[in-house]
Structure formats: structure tokens, C-alpha cells
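Fold and contact review
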Amino acid sequence: MVRRYFGTDGIRGLANKVITPELALKVGQAAGLIFRAGEHRHRVLIGKDTRLSGYMIETALVAGFTSVGMDVLLTGPIPTPGVGMLVRSMRADLGVMISASHNPYDDNGIKLFGPDGYKLSDEVERRIEKLIDSDIAKQLAGSDDLGRARRIDGVQDRYIEFAKRTLPRDIDLAGLRVVIDCANGAAYKVAPGALWELGADVISIGTDPDGFNINKDCGSTSLNTLVHKVREMRADIGIALDGDADRVMLVDERGHIVDGDQLLAVIAQSWKEDGRLTKNGVVATVMSNLGLERYLGGLGLELLRTPVGDRYVLERMRAEGYNVGGEQSGHIILSDYSTTGDGFVAALQALAVVKRSGKPVSEVCHRFEPLPQILKNVRYKTGKPMENAAVTAAIASAEQKLGSGGRLLVRPSGTEPVIRVMGEGDDKAVVEQAVDDVIDALTKAAA
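Residues numbered from 1 in each chain as written. Predicted model: local features only at pLDDT ≥ 70, side-chain atom pairs only at ≥ 80, totals over all residues. Heavy atoms only, no water.

Comments concerning the overall build of the chain
Operational definition: Helix and strand definitions follow DSSP, with helices as H or I runs of at least four residues and strands as E runs of at least two, each counted in order from the N terminus. Atoms counted for the radius of gyration: C-alpha only. Globule rule: 2.2 Å times the number of residues to the power 0.38. Burial classes follow relative accessibility: with a 1.4 Å probe on protein chains only, a residue under 20% of its type's maximum area counts as buried, one over 50% as exposed, and anything between as partly exposed. Only heavy atoms enter the contact rule, under which two residues are in contact if any of them lie within 4.5 Å.
Within the chain, the secondary structure is distributed over 14 helices and 18 strands. Taking 2.2 N^0.38 as the reference for a compact globule, 447 residues should give roughly 22 Å; the C-alpha atoms of the chain span a radius of gyration of 23 Å, in line with that estimate. Overall, the C-alpha framework of the chain stretches about 70 × 60 × 40 Å when taken along its three principal axes. Expressed as a percentage of its 447 residues, the buried residues of the chain come to 57%. Once local pairs closer than 6 in sequence are excluded, the contacts in the chain between residues at least 24 apart make up 72%.

Right under this line is the structure:
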């Protein structure tokens with residue numbers, strides 16, 4: 001069955017065009033019916049980021065859930081991992097996060113979490129889609145069984161305490177000057193508050209959401225503002241979250257960027273030394289740099305690769321028992337603490353290593369030199385260019401050029417008609433030539 005609504009991370013699209021009140025209402029009804037099991041009073045917890053359209057979608061979801069007899073708890077702005085945590089903590093039957101993550105304000109999305117705090121499986125999402133497209137009028141609650149909705153207080157404080165408890169008891173952040181960029185998003189209250197309570201000298205940016213400025217020239221996908229502020233304030237570290245705070249990028253005291261691969265290396269080595277790794281390895285995607293794989297290999301750790309998407313990283317972690325995983329883009333999943341990526345908790349783990357070592361972030365968080373990695377895209381209209389004989393030959397030739405010490409990845413995008421070509425190896429010129437050869441063949445095949 002081809003999925004009509006759900007992508008790799010919930011339902012996402014242009015607010016009031018793709019993500020309409022009608023769709024949100026139906027999602028609430030369908031998901032509510034599936035998770036309404038047993039005789040207890042059922043409840044769903046709904047969090048959101050700071051987009052203007054969040055009010056519209058939240059209200060429609062409330063109507064949907066209450067119409068099938070589910071009570072609704074509204075948290076207001078809170079990080080996505082906070083929803084996963086609160087669903088379990090408050091024994092809710094279902095959790096919802098209204099967010100389009102790092103996208104601009106005019107996009108929005110609906111992410112669903114089961115009672116275990118994990119995002120829903122493909123099978124459950126298909127069942128929801130089937131109900132969305134069906135007539136469920138006869139399954140609506142009777143007049144006496146409608147749900148109730150209320151806003152709940154204190155959830156931000158709960159998340160702050162949860163995040164603080166992920167640090168070792170002997171660690172505080174006194175003496176560290178930290179710039180935190182909250183992307184004018186979901187963590188704009190909790191992240192600066194937690195850092196201050198941990199003893200840091202906190203400079204906050206991206207903490208004035210107006211409904212339109214989420215991720216705009218700020219956050220983990222736009223680091224120039226943070227780099228400038230770290231240098232201006234002579235800070236020890238900069239932390240950039242995205243709109244729903246499930247990913248993070250760091251900036252060291254020199255203004256140099258620390259990506260998800262470097263952060264995985266820091267956490268993996270620290271946890272290995274502390275005996276906290278459940279397996280001798282880390283899970284990452286095919287996009288993680290070969291330099292990370294070599295660095296971990298030097299520590300006696302394996303790098304397991306998955307398709308692109310934190311969903312696939314988490315699936316592999318759960319299936320094989322790994323407790324550290326993530327993406328180069330900054331989705332870091334630490335399953336000892338969270339059921340999804342948590343950018344802020346990952347940043348705290350790095351800060352703990354910095355604090356214990358007494359060394360600057362530039363030394364602690366740059367564990368390896370990334371190999372030259374080149375990514376280019378080819379857009380196509382129809383057909384299957386990757387099956388073209390000339391393309392197949394170009395890929396084989398490029399792989400031979402790169403040799404056993406390099407990597408070539410050619411894959412279609414899951415969200416648009418684009419083929420992505422990524423190459424990496426020790427010699428940048430060779431990598432560029434290998435990628436360009438494949439790009440040329442694809443461009444001709446797609447013409």
C-alpha cells in the first residue's frame with residue numbers, strides 16, 4: 001500500500017494547503033480510534049513548536065480527538081523529545097507533536113507517538129491512513145462520552161529536570177559561558193533555563209518567537225548568527241537547536257562548527273570509557289563521514305550504517321540493542337534517555353566531557369579530520385535514470401577510481417524527483433572527478 005499522508009517523519013507540508021484543519025481533524029479521529037482500547041478514560045498529549053499555524057492545527061486535532069472520546073492535554077511549546085518523554089511519564093495513550101522541525105514557518109507537520117514514547121510503526125500509520133479515508137461517522141463518541149481538553153502547567157519544568165538528570169551528579173556547568181540558539185522554536189524557554197540552573201553563564205539568542213521567525217536565519221541549519229555571537233561574547237561554546245529541538249549543531253570557542261559526526265565521536269568515546277555503551281558500536285546513516293568510521297575503528301568500535309533518516313537509525317538501534325546513534329545533520333539519539341533525537345540532551349553530554357577534561361571545546365569536540373565529501377544532485381522529470389546503461393557504467397568506473405579506501409553513494413531522494421550523488425575519499429580531486437563523472441551520465445540520462 002502506497003502511503004498517502006505519512007512520510008518518513010509523520011505528516012508534513014504547507015500549512016493550510018497540505019496540513020489543513022480538515023486533515024488534522026481526521027488524523028485526530030483516526031488515531032484516537034486506534035488507540036482507544038480498554039475501559040479507562042483515554043487521553044492524548046499534544047505539544048507544538050512556535051509556528052503561527054500551530055494554533056489552527058492544535059484546535060482541529062482537539063476537535064478530532066474529543067469527538068472520538070479522548071481527553072486532550074495541551075502542553076504548549078515543548079521540544080519533540082519532551083512529548084515522547086511526557087507520554088510515558090503521564091501514562092497517556094498517545095502523543096502528538098505539531099512541528100515541521102527545521103523547515104520554514106509556513107510548513108507544519110503532525111508527528112505521532114505511541115504510549116511507549118516511540119514514533120508509530122509503518123503498520124499503525126497505514127491503519128490511520130485507512131481510517132482517514134473512510135467514513136467513521138458511526139464510530140464517533142456519543143454525546144455523553146465526548147472527550148475534554150485542558151492546558152496543563154509544569155511540563156516545561158518537567159523537561160528541564162529530565163534534561164538535567166542526564167548529566168552525571170558530579171557535573172555542573174559553572175565557569176562555562178554558553179551561547180544557546182533556540183531557533184525561535186520549541187526549546188526557547190526550556191534550554192536557556194536548564195543551562196542556567198546547571199550553573200552556566202548563558203547568552204540566549206533565537207528566543208523571541210513571533211509565529212513567523214522559527215528557523216529564520218538562526219538555529220542548527222543557519223549557524224552564522226551563532227558563530228558571530230560566540231566570537232563576540234568570547235564564549236566557550238555555542239549550541240544551535242532546530243525548530244523542535246530534536247537536532248543540534250555546536251560551535252567551538254574559535255567559531256568552528258561541530259557537526260553530528262563529531263558529536264557522535266565525542267559521546268561514543270566518553271561512554272565507552274565509562275562502560276556505558278550497550279554494544280561496541282554506534283549506529284549512523286550512509287551520509288556519515290568515513291573519517292568517523294575510521295576514528296571509531298581506532299577505538300575498537302564499529303559504525304553500523306542505515307538509510308538516511310533518524311527513523312532508520314532508531315529502528316536499527318532498537319533491533320540490535322545499541323544505545324548511541326545519530327546523523328551528521330545533528331539528530332543524536334541516546335536511547336538510555338530518549339525515544340527520539342534530543343538535540344539538547346546530546347549537547348549536555350558534550351558539555352559534560354568538556355567540563356571533565358578542562359580542555360577547550362575546539363580540542364574536545366574535533367576528534368577527527370573529515371575526509372573530503374562531495375554531494376551533488378541531479379533533478380529529473382520522468383523515468384528511471386539510474387537504470388540507464390551509461391549511468392551504471394559511470395558508477396562502476398567511479399567506484400573503481402575511489403578504490404577500497406573511498407565511498408560512492410548514489411540514491412534517489414525520498415521526497416523529491418532528485419538523485420543524490422555522494423563521494424568521499426582521501427584525495428579531493430579524485431573524489432570530485434568520480435562524482436562529476438556520475439553526475440554527467442545522470443544528467444544526460446535525465447535529459
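Moving on from the model shown.
Side note on the pattern of salt bridges
The cut-off we apply is this: Criterion for a salt bridge: a side-chain nitrogen of Lys or Arg within 4 Å of a carboxyl oxygen of Asp or Glu.
According to the stated counting rule, one finds 30 salt bridges in the structure shown. A salt bridge links R254 to E253; the nearest nitrogen and oxygen atoms lie 4.0 Å apart. Bridged by salt links that share partners, the residues D9, R12, K111, K119, D244, D246 and D310 form one connected network.

Looking at the sheet that holds strand 1 (residues 11–14)
Either a parallel or an antiparallel arrangement is found when strands of a sheet pair, and the pairing is made through backbone hydrogen bonds. To keep things clear, this is the line we draw: Pairing between strands is defined by DSSP: at least two bridges between them are needed. Only the stretch in contact is used when fitting a helix axis, every axis being a line fitted to C-alpha atoms; angles between N-to-C directions are given from 0 to 180 degrees.
Pairing is mixed across the open sheet formed by six strands, whose spatial order is 1-5-4-2-3-6. A strand with exactly one partner marks an edge of an open sheet, and here the two such strands are strand 1 and strand 6 (149–151). Averaged over all adjacent pairs, the angle separating strand axes in this sheet is 20 degrees, with direction ignored. Across five bridges, the pairing between strand 2 (residues 43–48) and strand 4 (residues 94–98) is parallel. The partner of K48 across the bridge, within strand 4, is I98.

Regarding helix 6 (residues 190–197)
Inspection of helix 6 places V190, A191, P192, A194 and L195 among the buried residues, and these make up the whole buried set. The inward-facing, buried residues of helix 6 abut helix 5 (155–164), strand 7 (177–181), strand 8 (201–205), strand 9 (237–241) and helix 11 (343–357). The positive-phi residue at the C-terminal boundary of helix 6 is G199, with phi of around 105 degrees.

Overview of the side chain of E327
Heads up, the condition is: The charged-residue count follows a simple rule in which Lys and Arg add positive charge and Asp and Glu add negative charge, with His and chain termini not counted at all. We define a polar contact as two N or O atoms separated by no more than 3.5 Å, with the added condition that, inside protein, one atom must be a possible hydrogen donor and the other a possible acceptor, whereas residues neighbouring each other in sequence contribute only through side-chain atom pairs.
On the secondary structure map, E327 appears in the loop between strand 14 (324–326) and strand 15 (332–334). We note that E327 is buried and unpaired, the nearest opposite charge coming from R247 at a distance of 5.6 Å. Within polar-contact distance, the side chain of E327 engages the backbone nitrogen of G309 at 3.0 Å. A polar side-chain atom of E327 sits 3.3 Å from the main-chain amide nitrogen of D310. Every residue in contact with E327, bar those within four places of it in the chain, is listed here: G260, D261, T285, V308, G309, D310, V313 and I332.

A few points about the sheet that holds strand 18 (residues 418–424)
Within the open sheet, the three strands sit side by side as 16-18-17. Their pairing is antiparallel. Taken across any chain shown, the strands that pair with only one partner, and hence form the sheet edges, are strand 16 (373–379) and strand 17 (407–412). Across the sheet, the axes of successive neighbouring strands diverge by a mean angle of 15 degrees, strand direction being ignored. Packed onto the sheet, helix 13 (residues 389–402) meets strand 17 and strand 18 and runs at close to 150 degrees relative to strand 17. Its contacts with the sheet put helix 14 (residues 428–446) on strand 16, strand 17 and strand 18, and the angle it makes with strand 16 is roughly 5 degrees.

What about the packing of helix 8 (residues 260–273) against helix 11?
Let me state the cut-off plainly: Angles are sorted into four bins: roughly parallel if under 35 degrees, roughly antiparallel if over 145, roughly perpendicular if 65 to 115, and oblique for all others. Take the far helix as your reference; a near helix turned counterclockwise from it by less than a right angle gives a left-handed crossing, and one turned clockwise gives a right-handed crossing. Each residue is assigned to one class: nonpolar for Ala, Val, Leu, Ile, Met, Phe, Trp, Tyr, Cys and Pro, charged for Asp, Glu, Lys and Arg, and polar for all the others, Gly among them.
Remark: helix 8 packs on helix 11, axes separated minimally by 10 Å, with the N-to-C direction vectors making an angle of 60 degrees. By the criterion of interaxial angle, the relationship of helix 8 to helix 11 is oblique. Classified by chirality, the crossing of helix 11 by helix 8 is left-handed. Between helix 8 and helix 11, the contacting residues are L263, V266, I267, S270 and W271 on the first element and A346, Q349, A350 and V353 on the second. Its residues assigned to classes, the contact of helix 8 with helix 11 comprises seven nonpolar, two polar and no charged.

Brief notes about unusual backbone geometry
Backbone geometry places N16, a non-glycine residue, at a positive phi of 70 degrees. Among the secondary structure elements, N16 is positioned in the loop between strand 1 and helix 1 (21–34). According to the relative accessible area criterion, N16 is partly exposed, its value standing at 47%. Phi is positive for D217, which is not a glycine, with a value near 55 degrees. For D217, the location among the structural elements is in the loop between strand 8 and helix 7 (224–233).

With respect to a nonpolar patch on the surface
The condition that has to hold: Nonpolar side chains (Val, Leu, Ile, Met, Phe, Trp, Tyr) within 5 Å and like charges within 9 Å form the patches, drawn only from residues with over 30% relative accessible area and no salt bridge. Only the protein chains shown count as covering a residue, and every accessible area follows the Shrake-Rupley method with a 1.4 Å probe.
Together, L52, Y55, Y105 and F212 give the surface a local cluster of nonpolar side chains, amounting to about 420 Å² of exposed area. Summarising the element assignment, F212 is placed in the loop between strand 8 and helix 7.

Regarding helix 2 (residues 53–67)
Residue pairs three or four apart in sequence face the same way in an α-helix, which turns once every 3.6 residues. Threshold: A helix is expected to reach a length of 1.5 Å times the quantity of its residues less one.
With 15 residues, helix 2 should reach 21 Å at 1.5 Å per residue; the first-to-last C-alpha distance of 21 Å fits that figure. Burial of helix 2 is extensive: eleven of the 15 residues sit out of reach of the surface. Within helix 2, burial applies to S53, G54, I57, E58, A60, L61, V62, G64, F65, T66 and S67. The inward-facing, buried residues of helix 2 abut helix 1, strand 2, strand 3 (71–77), strand 4, strand 5 (107–113) and strand 6. After helix 2 finishes, the residue G69 shows a positive phi value of roughly 90 degrees.

Here we look at the packing of helix 8 against helix 9 (residues 290–298)
Direction vectors running N to C along helix 8 and helix 9 enclose 10 degrees, while the axes themselves pass 10 Å from each other. As judged from the angle between their axes, helix 8 and helix 9 are roughly parallel. Seen from helix 8, the contacting residues are D261, L264, A265, A268 and Q269; seen from helix 9, they are L292, Y295 and L296.

Describing the layout of surface pockets
If a probe the size of a water molecule is rolled over the atoms, the empty space left behind becomes visible. Let me state the cut-off plainly: Throughout, the protein atoms alone are placed on a 1 Å grid, and a set of points is a cavity if a 1.4 Å probe fits but cannot get out or a pocket if it is open with protein on both sides within 12 Å along at least five of seven lines; lining residues have an atom within 4 Å of a point. Grid points are joined across faces, edges and corners, and a volume is the space filled by probe spheres set on the points.
Taken as a whole, the largest pocket spans an internal volume of roughly 1,400 Å³. Lining the largest pocket we find 45 residues, and of these R247, V308, G309, E327 and S329 sit closest to its centre. Those elements that place two or more of their residues in the lining of the largest pocket are helix 8, helix 10 (310–320), strand 16 and strand 17. Looking at the lining of the largest pocket element by element, the count peaks at three residues for helix 10. Of the residues assigned to the lining of the largest pocket, the class counts are 13 nonpolar, 18 polar and 14 charged.

Treat this as a map of the structure, not an account of what it does.
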